[in-house]
Each structure stands twice: as C-alpha cells, then as structure tokens.
Amino acid sequence: MSDKKIIKVEGLERRFASTEGKGETQIFGEVWFDIFEGEFVCLIGHSGCGKTTLLNIMAGLDQASGGNVIADGFNVEKPSLERAVIFQGHALMPWMTVMGNIDFAVSSRWPKWTKEQRLAHCQSFIDLVHLTGSENKKPAQLSGGMKQRVGIARALAIEPKIMLMDEPFSALDALTRGSLQDELLGIVAERNQTSFMITHDIDEAILLADRIVLMTNGPEARVCEIVENTLPKGRTRSDMHTHPNYYPMRNHLIEFLVNRSKTFKEELASTAYDPKKPPTVRPMAEPERPNKVAS
Amino acid sequence: MSAEWKDRLTAGAASLVFLAVFLFGWNAFVTAQSGPAADMDPELAALLGPQAKGESALPRPSDVGAEIWGHITNPFYDAGPNDKGIGIQLAYSIARVLTGFGLAALIAIPLGFLIGMSRLAQRALDPYIQLLRPVSPLAWMPLALYTIKDSEISSIFVIFICSIWPMLINTTFGVATVRRDWLNVARTLEVKPLRTAFRVILPAAAPTILTGMRISIGIAWLVIVAAEMLVGGTGIGYFVWNEWNNLSITGVISAIFFIGVVGMVLDLILGQAARLVAYAE
C-alpha cells in the first residue's frame, strides 16, 4: 500500500425526490473517505443507506447531489475504464460466450489490439479465475459462482486503477461465496489491485478489507467511523478466526450493525464528530484496549 | 425407442386419425346431400353444373385432392390473365408481402430503436401509434388507390401499413426494456453509442423484435388475400375470388389449402430466425 490516493470521496451527498412528492430526502451526506493505492476498502451498512448509489456515483454511473469523487486527481463525472465495476447481478451479456464477454471489455479498452492479442489477454484472465475450458460456454450454462468469476475476470482484464464491487457474492451460496472470497483475496493481493467493495457480510469484510467504512442507516446516512483491520495480512478464511483480534473485530462490527447504526444520530450530539475526519478505530484483543486514534 | 420419440409417433398417429375422421365426415356429408338427378334437358343440366345431376355443390375430398395434385404438378402455366398456375399467383402474393413487409421492417426497426431509446419520443409518438394501429389496413385502400393511382403499389402499401405496427411496437418495447445492468456495463467500458447499439441493445432486443416481425408477416399474409380480392389482376386473393366467380368450390378449397401452407412456411422461417437470436438468461 502506498500513500497515493486513488479515490478521494469529498463531502458526497445524494438526495432523492421524496416519496410524498414534496421536497427531497437526503439518502446520505457528508461522506468523506479515501482509498489508497493497493488498498482494499469495504463499506458496511444496512440496506437503504444508499450503498449502491454511493458506488454508482464513484463509478460515474450516477450523479451526486453534492460533493465530489476525485479519482486520480480528476473529478468523476462519467464512467471510465480506470474504474471497473463488478455488479451485484453478474451483468454478463447472455448472448455472448465467456470469451466474448471478456473480449467485449478488452476490445473496448484496447481497440487497436489484434484479435490474437486480445484472445491471449482474455485467456490469461480466464485462467486466472479458473474457468479454463469454459471459454465458449454461454452464461446460462454456468453456475452462479462461475458467472461471477467471469464478472471478476472481465473487470480485471481491463487492468483498472480500481475495482468497484457491489455485493458481488451476495447471491451465492455460502460454500461458493467462501471459495470465491479466497480466490479474490489471492488475486487482489498478487496484483496489488486497489479495490472497493460494498458488503453486509462481516466475515467477508474482515477477510478482505484493509479498512472498513461503517455507514449508518439512511435516510441521512453518515460515515460513522473507519475501522482498521487489525488482523495481519496473509489471513485466510480457515485460520482468521483463531487470531486473538478476530473476535474484537467481529464484535465491534456486529455491535455497529445491530445497535450503533441506528442510534448514531444521538451519539453524534455527544461527541466531537468531524465528518471530514471520521474517527479511526482499531479493535484489538485485551490487554490492549480498543483505542481511538484520530486519523 | 426413447419416450420422446414414442410421444411424437403417438401424436403423429392421432393427427392422421383426425384427418381421416374429417375426410370421412366430409365425404359422408356430400353423399347425404346428393339426390336423384333432376329430369331436365341435358344441355341445361350441363350449364347448371353438378346440382342438376343431383350432386352436391360441395366437392368430395377426392375432387379437391385431385385439384391440389393438379396444381402441384403444373404450378406455373400461364393461359391468359384469368387462368394462371397457382405457383404464379402465389409468387405474386409472396412478392407483394415481402416487399411491403421489407419496407416496413426498414422503417419500423430503426424508428422503433430511436423511440425506445428516448422517453420523449415515446411519449410524443405513442398517441399516433395507438390511434393508427387498430385501423384495418384495408381502410387505407381507397386512400392509397386515390393517391398512388396504381393498384399494384397500393396493395404493397396496404401490406406495408399493416406490418409496420407490430414491428414498431415490439422494437420500441424491446429497446426500452434492455436490462439496465447491460447498459451500465457498456457505460463503464466507455463503449461508443453506436457500438452499444449494435453489440448490446440490438442483441438484447432481437428476440422481441423477431416476435414483432413474426406477428407482422402473419398479418401481412392475412391481409394480402383480402387486398388482392379488392384490387384484382393477379395473386392468390384474386385467384380465390376468380374461382368463386367460376363457381369452382374445388378451386376455392384448394386455394385455401395453399394459402395455409405458405402462411405456415413464412411463420416457420421467422420462427427459425427467432431461434438464432434467442438467448437464455
């Protein structure tokens, strides 16, 4: 991880026309956080706090009502090949084969490449996600996990600066999800791929993320705090729960999702909360007490 | 033998039984209608046709079979304006249908594409489409004859106007309902609009568009018979009307058979095309 910020989210706000027809409802506001190069950031929050909207704004698919997303020094106004998106539903084109879907992305990225160049490039990413042999299958012939592998390969194949993932594994069964998380972790670590993922799965966040952004319930959702993962790098799904910091991490996140995400507004009043610098928390095992450090 | 083939054989056998029952019933009906020959001058009897001989005006299945066989073995003879082989008549009709349908597709599909992409165009044009769509295509015929002053082009115009609506409406619907996710994928990949149209929207909407084309060609084939009855000259519709004027019920029934066969073949062709562009999600 370097000090270079790939993404700066600055005071982002999104309002929707209110359902009663009068005025507007703020879904979230004053959202500030950064993503550093090579970092894996997860965002956790309940449904309805505008997580998907936030990711879509970061991707350039949706417009903010206020604030900015700065990607690599430039204001995000429209989608870019530098920011690949992995969608919740795999969003593969059902009339294209696995190879065709990835090639569609690769040929958009490098229009001048020859067919051989493109196919070789696609093939290496198909191999990377262990789909060798399924190149000519249509998405309908693949299982849910395999489809999402194609989605991952398509996003990685354009070699983006950052990969934005919107609950990519939420539609999968637990076993498939587990093995895909392991693979994603390996691939991201090996390629030093900057990543941002929305999830509501706590274990997924602890396994994958370097930092976890906690978002309170909407409307008027805020970034409550940013949790630094105190588990060492190189953790795996099978051994991470043996680490002494695992339960402090997990309990802190559960406590947030169950209680604090709802009552944060009251908490706000009693603390010196600066939305530009949400508190950073490092939950750890005793004797070290969970100490709050200002970032 | 697999269960699938067994089912098919049973269904085929049942079809044949239905046909046999139908032909037998038809034959029995004609026999029941026949009575003793009227006592009259043989020359008058010859002019009056089968009824004077005590036979039913309805032909027997065997007569129709022989007539159909006659048409099949000699489809392309041309013995003057009122006596052409059924192949020639069908060819005229098919050519008109394909011309009208093709022109309609050339306009309806690109136009439907534009309307489907733009909420504004959809709202602005929808009232006109809804107003014109239910109009019987034959109602356009006088207007067409008056303005175009050519019966051949007028019947093509009527085919054009009747086949345009299902294609236009289906293309609009297919384009407007392309999954947001697919369009978002194209947007995040910075795909140019034209490439998105051809690589994403067109294949996504193709099954719906093909369904529209299939409905259109079905309607076009229905309408051409009526249009040719009105316009006259050539074509299968004119052939039917001509046979009716000749009081040849045998000819009318065999024409009905051929109209059905051609309609079925047209539908099969588009059905196959639809299978080519179909996709499973």
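Student: Mind showing me how you'd approach the overall build of chain A here?
Tutor: In terms of helices and strands, chain A carries 7 helices and 12 strands. Computed over C-alpha atoms, the radius of gyration of chain A comes to 20 Å, within 12% of the 19 Å expected from 2.2 N^0.38 for 295 residues, which places it in the range of a compact globule. Taken along the three principal axes of its C-alpha coordinates, chain A extends 60 × 50 × 35 Å. Classification of the 295 residues of chain A by burial places 44% in the buried group. Counting contacts in chain A only where the partners sit at least 6 residues apart, residues at least 24 apart contribute 70% of the total.

Student: Is there a simple way to explain the interface of chain B and chain A in this structure?
Tutor: Reports of interface size often rely on the accessible area that becomes lost once the parts have come together. With 15 residues of chain B at the contact, the number on the chain A side is 17 residues. For the side of chain B that touches chain A, the elements supplying multiple residues, two or more each, are α8 (180-188) and α9 (193-231) of chain B. With 6 residues, α8 of chain B is the largest single contributor of residues to the side of chain B that touches chain A. Here the residues of the side of chain B that touches chain A sort into 8 nonpolar, 2 polar and 5 charged.

Student: Is there a simple way to think about the confidence of the model for chain A in this case?
Tutor: Here chain A averages 88 in pLDDT, and 96% of its residues register 70 or above. Mean pLDDT values for the elements of chain A range from 56 in strand β12 (residues 291-293) of chain A up to 96 in helix α2 (residues 98-109) of chain A.

Student: Would you mind going over unusual backbone geometry with me for this structure?
Tutor: Residue H130 of chain A is not a glycine yet carries a positive backbone phi of 60 degrees. Structurally, the position occupied by H130 of chain A is in the loop between α3 (115-128) and α4 (144-157). Of note in the backbone geometry, K149 of chain B takes a positive phi value of approximately 60 degrees without being a glycine. Locating K149 of chain B in the fold gives a position in the loop between α6 (141-148) and α7 (151-176). K149 of chain B sits in the exposed class, given 9 other C-beta atoms within 10 Å.

Student: What's the story with the nonpolar core in this structure? I'm lost.
Tutor: Soluble globular proteins: nonpolar side chains tend toward being buried together. Formed by 134 residues in total, the largest nonpolar core has its most connected members in M58, I102, A153 and L164 of chain A together with I159 of chain B. Not counting the four nearest positions on each side in its chain, M58 of chain A is found in contact with I7, V69, V76, L164 and F196 of chain A.

Student: Even after reading the chapter, I still don't get helix α11 (residues 249-277) of chain B, so can you show me in this structure?
Tutor: Because an α-helix packs 3.6 residues into every turn, residues spaced three or four apart end up facing the same way. Residue and element names in this part refer to chain B. Taking 1.5 Å per residue as the helical rise, α11 with its 29 residues ought to reach 42 Å, and the 43 Å between its terminal C-alpha atoms agrees with that figure. Taken together, the buried positions of α11 are occupied by T250, G251, V252, S254, A255, F258 and I259. The inward-facing, buried residues of α11 abut α3 (61-73), α4 (86-117), α9 and α10 (236-245).

Student: Explain the environment of I236 of chain B to me, please; I cannot follow it from the model alone.
Tutor: Tracing the chain through its elements places I236 of chain B in helix α10. When the C-alpha atoms of I236 of chain B and R96 of chain B are compared, they prove to be 11 Å apart, with 140 residues separating the residues in sequence.

Student: Could you clarify how one ought to interpret the packing of α4 of chain B against α10 of chain B in this entry?
Tutor: All names here are of chain B. Taken N-terminus to C-terminus, the directions of α4 and α10 make an angle of 135 degrees; their axes are 7 Å apart at the nearest point. Classified by the interaxial angle, the pair formed by α4 and α10 is oblique. On α10, the residues that touch I86, Q89, L90 and S93 of α4 are I236, G237 and F239.

Student: Quick question: what am I supposed to make of α3 of chain B here?
Tutor: Residues and elements named next belong to chain B. Here α3 is 13 residues long and its end C-alpha atoms lie 18 Å apart, about the 18 Å a rise of 1.5 Å per residue gives. Listing the buried residues of α3 in full gives V64, E67 and H71. Within α3, the buried residues cover an arc of 60 degrees as seen down the axis, which keeps them to one side. The exposed residues of α3 that point more than 90 degrees off its buried face are S62, W69, I72 and T73. Next to the buried residues of α3 lie α4 and α11.

Student: Looking at this structure, how should I read the packing of α2 of chain A against α4 of chain A?
Tutor: Axes are the key here: two packed helices are described by the angle between their axes and the distance separating the axes. Residue and element names in this part refer to chain A. Interhelical geometry of α2 versus α4 gives an angle of 25 degrees and a closest axis separation of 8 Å. As judged from the angle between their axes, α2 and α4 are roughly parallel. For the element pair α2 and α4, the recorded crossing hand is right-handed. Residues V98, N101, I102, A105 and V106 of α2 lie in contact with α4, whose contacting residues are V150, A153, R154 and A157. Classifying every residue of the contact of α2 with α4 by side-chain character gives 7 nonpolar, 1 polar and 1 charged.

Cut-offs used in this document
Residues numbered from 1 in each chain as written. Chains lettered and ligands numbered in written order. Predicted model: local features only at pLDDT ≥ 70, side-chain atom pairs only at ≥ 80, totals over all residues. Helix = DSSP H or I, 4+ residues; strand = E, 2+ residues; numbered from the N terminus. Rg over C-alpha atoms; globule rule 2.2 N^0.38 Å. Buried ≥ 20, exposed ≤ 12 C-beta atoms within 10 Å, placed from the backbone. Contact = placed C-beta atoms within 7 Å. Nonpolar A, V, L, I, M, F, W, Y, C, P; charged D, E, K, R; others polar. pLDDT = per-residue confidence, 0-100. Core = buried A, V, L, I, M, F, W, Y, C linked by C-beta atoms within 7 Å. Expected span 1.5 Å × (residues − 1). Axes fitted to C-alpha atoms, helices over the stretch in contact; angles between N-to-C directions. Parallel < 35°, antiparallel > 145°, perpendicular 65-115°, else oblique. Arc of directions from axis to C-beta. Left-handed = near helix turned anticlockwise from the far one by under 90°.

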